[in-house]
Amino acid sequence: MENKRYKNIIPITARILITLLVSILLVILAGGNPAKAVSSFVFGIFGTLNGFAEIFVRATPLILLGLAVALSFKTGFFNLGAEGQFYMGAIAATITVLYTPGLPGLARILLAFLTSFAAGGLWAFVPAWMKNSLGISETVSTIMFNYIAIMFVGIFIRGFLQDPGTTEAMSAQIPQEARLVQLLYPTRLHLGIIVAVLTALIIQFVLYRTTAGLNMQLIGMSKRAAYCNGLSVKRWMAITALVSGGLSGLAGMVEILGLQYRLLEGVSAGNGYTAILIALLASNSPIGIIGVAIGYAMLMVGTTTMQRHLGIPSSMVSIIIGFIVMMVLFKDLIRFLKERVQLKSVR
């Protein structure tokens, strides 16, 4: 057991060191001083209360969206539509809060939770139905649904949701009483981070401690084996799509009620696509997603400070993340080649 643990630590340490070396090389190529870059990076994360809180602000939607993607991948439903489901949840939350002025603030928030989850879930359920009934690939349909949802946002904030006090394309502001609680004033940290972490713990429990979760994983491993064991593959895939889309919709609601306070174009900032990387790097583990999302947010906050202080482009984080993904895929490739060699030797 000890030897196995050390065998796992060595490659992880090696990947961390390689990533650090590549990062230093990129800083040098960008014309920066590596020592100053590291100092600026650390200061951006830990130097101020705002910087530290911003890590969790940025991690919040990534955790919820990463959970949505991981859950669908676990069941073999390749949901690439988290971005569109996020926007549908954001639309539903905005409409719910703005069109229920007679309700107390807490009731409006709870209702927004339900409507955003339902909107995101239904937006994912349609591609699942198309796959089950018509044989249409969900990887194609979910991506197409992203663009439709984004167009809906543009139409609505220039139509019935547009703030009457401005000509800008944006919704009216969310009332103070219908916003999520701010946790660490005067930072932007809000109650959404607690919602995201609790959701991850619930998904972890469901996947590994309940019959429903085991059924989902069995379908993801082998649909044929699941069918032979009496499971309705189509029904479970539809249920997974609903829950996965619902989690993405919940991320949209949290972003609107906790941070932006109004519906805008580009409010997701591409987090729905980033979530695919988060789920991949976390190996679809709900607990792992929390750590990976926070780590990614730390990279974003740190490199933003580097850019501001030293003029180093913040796009460097995208290169680093791409490099990390390549190393993960390379590890899987090596394992695949070893299995092929072992299989040939048996034959």
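Within every chain, residues take consecutive numbers counted from 1 along the sequence as written. Owing to the predicted nature of the model, reporting of local features is limited to residues with pLDDT of at least 70; listing and counting of side-chain atom pairs is limited to 80 or more, with chain, interface and lining totals taken over all residues. Excluded from the side-chain calculation are hydrogens and water; included are all heavy atoms of the structure.

S.K.: Can you tell me about the nonpolar core, naming the residues and giving the values?
M.R.: The nonpolar side chains of a soluble globular protein tend to be buried with one another. As used here, the term nonpolar core means buried Ala, Val, Leu, Ile, Met, Phe, Trp, Tyr and Cys residues forming a set that is joined through side-chain atoms within 4.5 Å. Only protein chains enter the accessibility calculation, which uses a 1.4 Å probe; a residue whose area is less than 20% of its type maximum is buried, one above 50% is exposed, and one in between is partly exposed. One finds Ile-63, Leu-257 and Leu-263 to be the most contacted residues of the largest nonpolar core, which totals 79 residues. No other element matches the 13 residues that helix H3 (residues 49–74) contributes to this core. If you look at the next biggest cluster of nonpolar residues, it comprises seven residues, including Val-27, Ala-37, Met-306 and Met-316. Note on conventions: DSSP H or I runs of at least 4 residues are helices, E runs of at least 2 residues are strands, and numbering of each starts at the N terminus.

S.K.: Break down the environment of Arg-262 for me, citing the residues and quoting the values.
M.R.: Mapping Arg-262 onto the fold places it in the loop between helix H10 (233–260) and helix H11 (271–281). Residue classification places Arg-262 among the buried positions, given a relative accessible area of 15%. Residues Arg-262 and Thr-96 lie 166 residues apart in sequence; the distance between their C-alpha atoms is 12 Å. In this description, contact between two residues means that some pair of their heavy atoms is separated by no more than 4.5 Å. Ignoring anything within four residues of it in the chain, the contact list for Arg-262 reads Asp-163, Met-170, Ser-171, Ala-172, Gln-173, Ile-174 and Ile-256.

S.K.: Can you lay out the packing of aromatic side chains for me, pointing to particular residues and giving the numbers?
M.R.: Ring pairs shown here join Phe, Tyr and Trp side chains whose ring centres sit within 6.5 Å, with only the six-membered ring taken for Trp; geometry is labelled stacked below 30 degrees between planes, edge-to-face above 60, and tilted in between. What the rule picks out here adds up to nine aromatic pairs. Relative to Tyr-87, the ring of Phe-86 has its centre 5.7 Å away and its plane inclined at 80°; by these criteria the two rings are edge-to-face. For Phe-86, a relative accessible area of 0% gives the class buried. Overall, the relative accessible area of 3% leaves Tyr-87 in the buried class. Any Lys NZ or Arg CZ found within 6 Å of a ring centre and within 35 degrees of that ring's normal is scored as a charge over the ring. Between the NZ or CZ atom of Arg-179 and the centre of the ring of Tyr-261, over which it lies, the distance is 4.0 Å.

S.K.: Go over a nonpolar patch on the surface, please, and point to the residues and values.
M.R.: Patch construction takes residues with relative accessible area above 30% that form no salt bridge. Like charges are linked within 9 Å, and nonpolar side chains (Val, Leu, Ile, Met, Phe, Trp, Tyr) are linked within 5 Å. What sets the accessible areas is the Shrake-Rupley method with a 1.4 Å probe; for residues, cover comes only from the shown protein chains. Salt bridge, as used here, is a side-chain nitrogen of Lys or Arg placed within 4 Å of a carboxyl oxygen of Asp or Glu. Taken together, the side chains of Leu-49, Val-181, Leu-183, Leu-184, Ile-194, Leu-198, Leu-201 and Ile-287 present a nonpolar region at the surface, about 650 Å² in accessible area. Ranked by the residues each element gives to the nonpolar patch, the list is headed by helix H7 (residues 192–209), at three residues. Tracing the backbone through its elements, the reader meets Val-181 in the loop between helix H6 (138–156) and H7. The exposure class assigned to Val-181 is exposed, which follows from its relative accessible area of 52%.

S.K.: Kindly report on the confidence of the model for the protein, identifying the contributing residues and their values.
M.R.: Within a predicted model, pLDDT stands for the predictor's per-residue confidence, ranging from 0 to 100. Averaged over all residues, the pLDDT of the protein is 88; the fraction at 70 or higher stands at 92%. Taken element by element, the protein is modelled with least confidence in helix H1 (residues 2–29), mean pLDDT 69, and with most confidence in helix H4 (residues 82–98), mean pLDDT 97.

S.K.: Which residues make up the packing of H3 against H7, and what values go with them?
M.R.: Geometry is summarised by axes, namely lines fitted to C-alpha atoms with helices restricted to the contacting stretch, and by angles between N-to-C directions that run from 0 to 180 degrees. Running from amino to carboxyl end, H3 crosses H7 at an angle of 20°, the nearest separation of the two axes being 8 Å. Relative to H7, H3 is oriented roughly parallel. Note on packing geometry: the crossing formed by H3 with H7 is left-handed. Each of Phe-56, Thr-60, Ile-63, Leu-64, Leu-67, Leu-71 and Lys-74 in H3 lies in contact with H7, whose residues at this interface are Gly-192, Ile-193, Ala-196, Thr-199, Ala-200, Ile-203, Leu-207 and Tyr-208. For this classification, the nonpolar set comprises Ala, Val, Leu, Ile, Met, Phe, Trp, Tyr, Cys and Pro, the charged set comprises Asp, Glu, Lys and Arg, and every other residue, Gly included, is treated as polar. For the contact of H3 with H7, the per-class residue count stands at eleven nonpolar, three polar and one charged. When an angle is under 35 degrees it counts as roughly parallel; over 145 it counts as roughly antiparallel; between 65 and 115 it counts as roughly perpendicular; any other value is oblique. Rotating anticlockwise by less than a right angle from the far helix to the near helix defines a left-handed crossing, while the corresponding clockwise rotation defines a right-handed one.

S.K.: Quick one: what's the story with the side chain of Arg-179, residue by residue and with numbers?
M.R.: Along the chain, Arg-179 turns up in the loop between H6 and H7. Positive: Lys, Arg. Negative: Asp, Glu. His and the chain ends are not part of the count. One buried charge, Arg-179, has no salt-bridge partner; the nearest side chain with opposite charge is Glu-177, at 7.6 Å. We define a polar contact as two N or O atoms separated by no more than 3.5 Å, with the added condition that, inside protein, one atom must be a possible hydrogen donor and the other a possible acceptor, whereas residues neighbouring each other in sequence contribute only through side-chain atom pairs. A distance of 3.0 Å separates the side chain of Arg-179 from the backbone oxygen of Ile-174, its partner in a polar contact. At 3.2 Å, the side chain of Arg-179 and the side chain of Gln-176 are in polar contact.

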